[in-house]
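Chain residues, written in single-letter form:
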Amino acid sequence: MSPRAIPFLRSTRSPYVLALLGLLACTAPRSRPAEGPVGEAVERALASGTASFAHERWDRLLAEGTRDGLVDYGAFAARRDELDIYLDRLAAADLANLSGPHLEALLINAYNAYTVASILDHPGVESIREIDGVWKKADHRVGGFAVSLRTATRPVASTGCGAPLTAAPASPLSDVV
C-alpha cells in the first residue's frame, strides 16, 4: 500500500501532533462538547487531574508509518499489532485523573490512531469520508468509554477545530466499562 496524501510535520513532538490534528480534525463533522459520564471525566481532569499518559508507542508508529510527508498505510498495516496495543492502552486510560495537557494529547492521539485504524479496516478507500458511519459509530474505546469520531470534548489548537472525540449518544455502550 503506498502512502496517501495526508501531509504532516515530520517531528514526533507536540507541533507534529497538533498539525496532524489540524489536518484530520478539520475534515470531521462539526464538534460539540462531551456529555454524560465521559464529559464528567473530562471536566474532573481539567479541574484537578495530575496524571500523565505515555505515547511513545504511537510516536514510534508515526515515525515508522510516514514517508516523504505522507501517511504510509502499508507500514501501519504491517505494524497493526502495535497499533492495536496502543489502542488497548487508550481504552484503559484513566481520563478523569489526567492533567489537562495530557488529556488533550490523549484525545488528539486517540482520534488520529482510530482514524488510521478505521482506514486500515477499509482497504481501498480513497478517503475516510467513504466509510459509511465512520463518524457516528461508537465502536472505539477511550478511557473505558465507547466513543465515536463525531464530536469533540474540548476545543484545542488555534485551528478553530476541536479534539474530535466525545461520548457517543446515550446508549448502553456509552457507560463506563
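Refer to the structure printed above.
Model, not experiment: these values are computed from the prediction.

## Details of the overall build of the chain
Item 1. Along its length, the chain carries six helices and five strands.
Item 2. Counting helices and strands in the order they occur from the N terminus, the chain gives α-α-α-β-β-α-α-α-β-β-β.
Item 3. The proportion of buried residues among the 177 residues of the chain is 48%.
Item 4. Taking the intrachain contacts of the chain between residues at least 6 apart in sequence as the baseline, contacts between residues at least 24 apart amount to 69%.
Item 5. In the structure as shown, the chain presents an accessible area of about 8,600 Å², 53% of it carried by carbon and sulfur atoms.

## A word on the nonpolar core
Item 1. Counting residues in hydrophobic clusters, the biggest one holds 39 residues, and the most contacted among them are Trp58, Phe76, Leu83, Leu90, Leu95 and Leu106.
Item 2. Of all the secondary structure elements, the ones that give two or more residues to this core are helix 2 (36–48), helix 3 (56–64), helix 4 (73–78), helix 5 (80–92), helix 6 (100–120) and strand 4 (145–148).
Item 3. Top element by residues in this core is helix 6. It accounts for eleven residues.

## Observations regarding the packing of aromatic side chains
Item 1. Inspection of every chain in the model, using the stated rule, returns two aromatic pairs.
Item 2. Their ring planes at 40 degrees and their centres at 5.9 Å tell us that Trp58 and Phe76 sit as a pair that is tilted. With Trp58 in helix 3 and Phe76 in helix 4, this pair connects stretches of sequence that are 18 residues apart.
Item 3. Aromatic rings pair up to connect Trp58, Phe76 and Tyr86 into one cluster.
Item 4. Directly above the aromatic system of Phe53 lies the positively charged group of Arg89, at a separation of 4.3 Å from the ring centroid.

## Quick word on the pattern of salt bridges
Item 1. By the definition in use, this model includes five salt bridges.
Item 2. Note that Glu64 and Arg79 form a salt bridge whose closest N and O atoms lie 1.8 Å from each other. Of the two residues, Glu64 sits in helix 3 while Arg79 sits in the loop between helix 4 and helix 5, which places them 15 residues apart along the sequence.
Item 3. Judged by its relative accessible area of 44%, Glu64 is partly exposed.
Item 4. Across the salt bridge formed by Asp72 and Arg67, the nearest N and O atoms sit 3.4 Å from each other.
Item 5. Via salt bridges that share partners, Arg80, Asp84 and Asp121 belong to a single interconnected network.

## What about the environment of Ala117?
Item 1. Its location among the elements puts Ala117 in helix 6.
Item 2. Taking the C-alpha atoms as reference, Ala117 lies 9.9 Å from His140; in sequence the two are 23 residues apart.
Item 3. If near-sequence neighbours (up to four positions away) are discounted, Ala117 is found in contact with Arg80, Leu83 and Leu87.

Rules behind the numbers
- Residues numbered from 1 in each chain as written.
- Predicted model: local features only at pLDDT ≥ 70, side-chain atom pairs only at ≥ 80, totals over all residues.
- Heavy atoms only, no water.
- Helix = DSSP H or I, 4+ residues; strand = E, 2+ residues; numbered from the N terminus.
- Buried < 20%, exposed > 50% of the residue type's maximum accessible area, 1.4 Å probe, protein only.
- Contact = heavy atoms within 4.5 Å.
- Areas by Shrake-Rupley, 256 points an atom, 1.4 Å probe, with all protein chains shown as cover.
- Core = buried A, V, L, I, M, F, W, Y, C linked by side-chain atoms within 4.5 Å.
- Phe/Tyr/Trp six-rings, centres within 6.5 Å; stacked < 30°, edge-to-face > 60°.
- Lys NZ or Arg CZ within 6 Å of the ring centre and 35° of its normal.
- Salt bridge = Lys/Arg side-chain N within 4 Å of Asp/Glu carboxyl O.

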